[in-house]
Every structure is written in structure tokens, then in C-alpha cells.
Amino acid sequence: MKLFTKILIAVLLLTGFGFSSPAYSQAANTNQLGIRLGSFTGITFRHINSRSTGFEADLLMNDGIEWGMVSVLFEKHLSLGQGFVFNFGGGGFFAGNYNHRYGNDNGVALNPAAGLESVLGFEYYMPDVPLSAGVDMRPRFSVVSDPFWVWDAGIVIHYIF
């Protein structure tokens, strides 16, 4: 938890938290490529259309690289003013777990998981720089194999093009 707090403070300082500035003017009708750091870490691609809705596709792994995940989310973005945006949405995911202890003859077993996912987040669009930084929380519910809930929080940085 200490590491998460330090990273959050660093991101807020780097993004100029507290400065009055308009949202990055080209956020609508853009593509965004970024990195997500959290319980599941990886690369993310997002497209936002002119109505402040869009989709996000992620390729993520957990800390021990035992879980790999692909997720797709549909999102709505609401401007909070001064460069801040609240986003929310939902979608689905497919994941696989490599379990070395309970494997077959070669010592590896794949445990698939798939289900529903939602997202709640806050993002800051930097003025005059094609970058945004934010935090999000993603509860996931697997409906395949053993049903389970996973709560995932992370820090996201996007390059806007």
C-alpha cells in the first residue's frame, strides 16, 4: 500500500494536480496508447469519439506473470472541468492462469477465466502536451470455471494521437 500511495502522489505531482488548465483539446476523436500499472499491469489502447464515448482494449498480466488477460471496455467520459475527466463503463475479459504446482505431465495447467468487468476512473489531460494520467478501479466477476470477484486498482498514462 505504501508503494501505491507513493506512485499516486508522484503521478499527481507530475500531472500538475491543482493547476487551472483546460482539458487537452484533442481528447475527443482521438486514439490513446498507454500503460496501466496495478494488480494487472500492461498496455492499453483507447479510442474516444466526438460524443465522449469510446472503447478500450487492454492486454494485461499480474505481478507474478501467472495470469494473462485481454479485456474490452465501453466507456463514457464526463468532463469535470480544468482538465479532469470522470470515466465509467463496462465490458468483458478473458484470462488464463498458469499453475505450475497442479499441472499435467509437463508441470503446467491452464485455468481459463472469462467474465464481466466494469471501470470507474478519474483522468487528467495535460495542457499543451498529448498526455493524460489517471487512476481507475476495475471490479471483475468471472463466470467461467470457478466464479470469483477480483478488485483491481491502477494508474494509467496515455499518449494521445
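Source: prediction; values computed, not measured.

Cut-offs and rules
Residues numbered from 1 in each chain as written. Predicted model: local features only at pLDDT ≥ 70, side-chain atom pairs only at ≥ 80, totals over all residues. Heavy atoms only, no water. Salt bridge = Lys/Arg side-chain N within 4 Å of Asp/Glu carboxyl O. Helix = DSSP H or I, 4+ residues; strand = E, 2+ residues; numbered from the N terminus. Buried < 20%, exposed > 50% of the residue type's maximum accessible area, 1.4 Å probe, protein only. 1 Å grid on protein atoms, 1.4 Å probe; cavity = no way out; pocket = protein on both sides within 12 Å on 5 of 7 lines; lining within 4 Å. Points joined across faces, edges and corners; volume = space filled by probe spheres on them. Patch = residues over 30% accessible without salt bridge, like charges linked within 9 Å, V, L, I, M, F, W, Y side chains within 5 Å. Areas by Shrake-Rupley, 256 points an atom, 1.4 Å probe, with all protein chains shown as cover.

A. Quick look at the pattern of salt bridges. Evaluation of the coordinates by the stated rule reveals eleven salt bridges. One salt bridge in this structure joins R138 and D58, with 2.5 Å as the shortest N-O distance. You can see R138 sitting in strand β7 (residues 131-142) and its partner D58 sitting in strand β3 (residues 53-62), a full 80 residues away along the chain. With a relative accessible area of 0%, R138 lands in the buried category.

B. Structural view of empty space enclosed by the protein. Counting across every chain of the model gives one cavity of 30 Å³ or more. For the largest cavity, the calculated volume is near 70 Å³. If you trace the largest cavity, you find it lined by R46, E56, E75, N87, V119, F122, E123, G134, V135, D136, R138 and V156. Breaking the lining of the largest cavity down by element, the ones donating at least two residues are β6 (109-125) and β7. Looking at which element gives the most residues to the lining of the largest cavity, the answer is β7, with four residues.

C. Just a nonpolar patch on the surface, in detail. A surface patch of nonpolar side chains, amounting to about 630 Å² of accessible area, comprises L78, F88, L120, M137, W149 and W151. Among the structural elements, L78 can be located in strand β4 (residues 67-81). Overall, the relative accessible area of 35% leaves L78 in the partly exposed class.

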